[in-house]
Each structure stands twice: as structure tokens, then as C-alpha cells.
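# Descriptive analysis of the structure
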Amino acid sequence: MKKSVPMESASAFIDQKIKELGDWRGKMFAKVRGIIHQADPEIVEEWKWVKPTNPGTPVFSHGGIVCTGETYKSVVKLTFAKGAALKDPAGLFNSGLDGNVRRAIDIHEGDKIDEAALKDLIRAAVALNLKGQNKQKPKPKPRRASSKQAD
């Protein structure tokens with residue numbers, strides 16, 4: 001069964017994950033997390049998809065998922081939920097380029113982050129989420145009176 005952690009606990013889980021890493025990945029994840037919050041102070045941290053085989057995934061949301069932040073043996077990965085729909089003039093996306101929806105940024109040890117470009121990407125993802133929320137639902141068509149007459 002997949003679960004989400006309450007929002008107030010999610011930040012503590014992320015803090016703990018960064019602390020447990022204790023190497024360049026923890027420092028990089030902490031830096032990226034800071035950039036995300038600088039880009040949009042209304043970002044909400046979540047911890048999702050907890051199951052017996054997975055301790056969970058840090059998620060950054062505003063009007064929907066903006067991106068997830070994951071750490072692997074040799075990479076810190078930011079996966080943008082709707083990345084394929086975002087313009088990426090700085091070419092930050094370097095993973096998941098064949099997907100129809102998601103795009104990811106793999107950050108390796110020693111990589112420099114283009115902070116301005118990453119902030120632009122975060123803001124664009126938030127704008128896309130909020131735009132999707134503001135769409136008006138089509139009004140139901142009025143029913144035509146039945147041509148059958150009651151006896």
C-alpha cells in the first residue's frame with residue numbers, strides 16, 4: 001500500500017535523508033532544495049510513495065507535483081512531473097528525454113548548477129500546474145426536451 005507522510009513530517013524526513021547521506025549527495029540535495037524554495041517560497045515538501053520496498057520519495061509541490069528529489073549511488077536526480085511540457089533553454093534536462101511526460105536532471109559529483117536556469121524551470125513548472133487548475137470545466141449542455149409526449 002502506497003502512503004504519504006503528513007506534510008509537517010515530510011521536511012523532517014528530508015532533513016534526515018540529507019544528514020544520513022553525509023557526502024557530496026547530501027550537500028548537493030540540500031543546495032538544490034534551497035534553490036527550489038528560493039524559486040518559489042510557496043513550494044510544499046512532501047514524502048510520498050512509502051511502501052515496504054521503498055522508504056519513500058521527497059516531493060516538491062505547488063498546485064501539483066513540481067519535481068521529486070532522489071539520490072542514487074552516483075547521482076542526485078530531480079524529476080519534473082510535467083518536464084516534457086516545459087521549455088528548457090539552458091538544457092538542464094539530461095535524463096528521461098525520451099519520455100512523453102517527465103524529464104529529469106541528473107547531477108553528478110562536481111557538477112555546477114545553473115541556479116538561475118533551475119529557478120526558471122521551477123517557476124515554469126509551478127505556472128504550468130497552476131494553469132491546469134484554472135481551466136474552466138465545460139458547462140454541461142442543456143438537455144433538450146423529449147419529443148415523446150406523455151399519455
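You'll find the structure just up there.
The text that follows walks through the structure, step by step, so that each part is easy to find. Computed from a predicted structure; not experimentally measured.

### Some thoughts on the packing of helix H2 (residues 24-39) against helix H3 (residues 115-133)
- Packing of H2 against H3 leaves a shortest axis separation of 9 Å and a crossing angle of 55 degrees. If you check the angle between H2 and H3, you find them oblique. Judged by the twist between their axes, the crossing of H2 over H3 is right-handed. Where H2 approaches H3, its residues Lys31, Val32, Ile35, Ile36, Gln38 and Ala39 are matched on the opposing element by Glu115, Leu118, Lys119, Ile122 and Arg123.
- The residue inventory of the contact of H2 with H3, partitioned by class, reads 6 nonpolar, 1 polar and 4 charged.

### A short note on the nonpolar core
- By size, the foremost hydrophobic cluster in this structure holds 30 residues, and its most contacted members are Val32, Ile36, Val66, Phe80, Ile105, Leu118 and Ile122.
- When contributions to this core are tallied by element, the ones reaching two or more residues are helix H1 (7-21), H2, strand S4 (65-71), strand S5 (76-80), strand S6 (103-107) and H3.
- The greatest single-element share of this core, amounting to 7 residues, is contributed by H2.
- With residues near it in sequence (within four places) discarded, Val32 still touches Leu78, Ile107, Ile113 and Leu118.

### Concerning H3
- For H3, spanning 19 residues, the distance from its first C-alpha to its last is 27 Å, which sits close to the expected 27 Å at 1.5 Å a residue.
- All buried positions along H3 are accounted for by Ala117, Leu118, Lys119, Leu121, Ile122, Ala125, Val126 and Asn129.
- At its buried positions, H3 is contacted by H2, S4, S5 and S6.

### Topic: the pattern of salt bridges
- The final tally for this structure, using the stated rule, is 7 salt bridges.
- For the salt bridge of Asp15 with Arg33, the shortest nitrogen-to-oxygen distance reads 2.6 Å. Of the two residues, Asp15 is situated in helix H1 and Arg33 in helix H2; the sequence distance between them amounts to 18 residues.
- Judged by relative accessible area, which is 12%, Arg33 ranks as buried.
- Salt-bridge contacts for Asp120 lead to Arg123; the nearest nitrogen and oxygen are separated by 3.7 Å. Highlighted residues: Asp120 and Arg123, both in helix H3, separated by 3 residues, approximately one helical turn.
- Overall, Arg123 belongs to the partly exposed group, its relative accessible area being 40%.

### Overview of the side chain of Lys119
- Along the polypeptide, Lys119 turns up in helix H3.
- In this structure, Lys119 is in contact with Ile35, Gln38 and Ala39, ignoring residues within four places of it in sequence.

### What about the environment of Phe93?
- Relative to the helices and strands, Phe93 is located in the loop between S5 and S6.
- For Phe93, a relative accessible area of 9% gives the class buried.
- Sequence separation between Phe93 and Leu121 is 28 residues; the distance between their C-alpha atoms is 9.8 Å.
- Excluding residues that lie within four positions of it along the chain, Phe93 makes contacts with Phe80, Gly83, Leu86, Asp88, Arg103, Ala104, Ile105 and Leu121.

### Regarding unusual backbone geometry
- A positive phi angle, near 60 degrees, is found at Trp49, a position not held by glycine.
- In this fold, Trp49 is placed in strand S2 (residues 44-50).
- Classification of Trp49 by relative accessible area gives partly exposed; the value is 31%.

Rules of the game
- Residues numbered from 1 in each chain as written.
- Predicted model: local features only at pLDDT ≥ 70, side-chain atom pairs only at ≥ 80, totals over all residues.
- Heavy atoms only, no water.
- Axes fitted to C-alpha atoms, helices over the stretch in contact; angles between N-to-C directions.
- Helix = DSSP H or I, 4+ residues; strand = E, 2+ residues; numbered from the N terminus.
- Parallel < 35°, antiparallel > 145°, perpendicular 65-115°, else oblique.
- Left-handed = near helix turned anticlockwise from the far one by under 90°.
- Contact = heavy atoms within 4.5 Å.
- Nonpolar A, V, L, I, M, F, W, Y, C, P; charged D, E, K, R; others polar.
- Core = buried A, V, L, I, M, F, W, Y, C linked by side-chain atoms within 4.5 Å.
- Buried < 20%, exposed > 50% of the residue type's maximum accessible area, 1.4 Å probe, protein only.
- Expected span 1.5 Å × (residues − 1).
- Salt bridge = Lys/Arg side-chain N within 4 Å of Asp/Glu carboxyl O.

Note that all results are geometric; they support no functional claim without further evidence.
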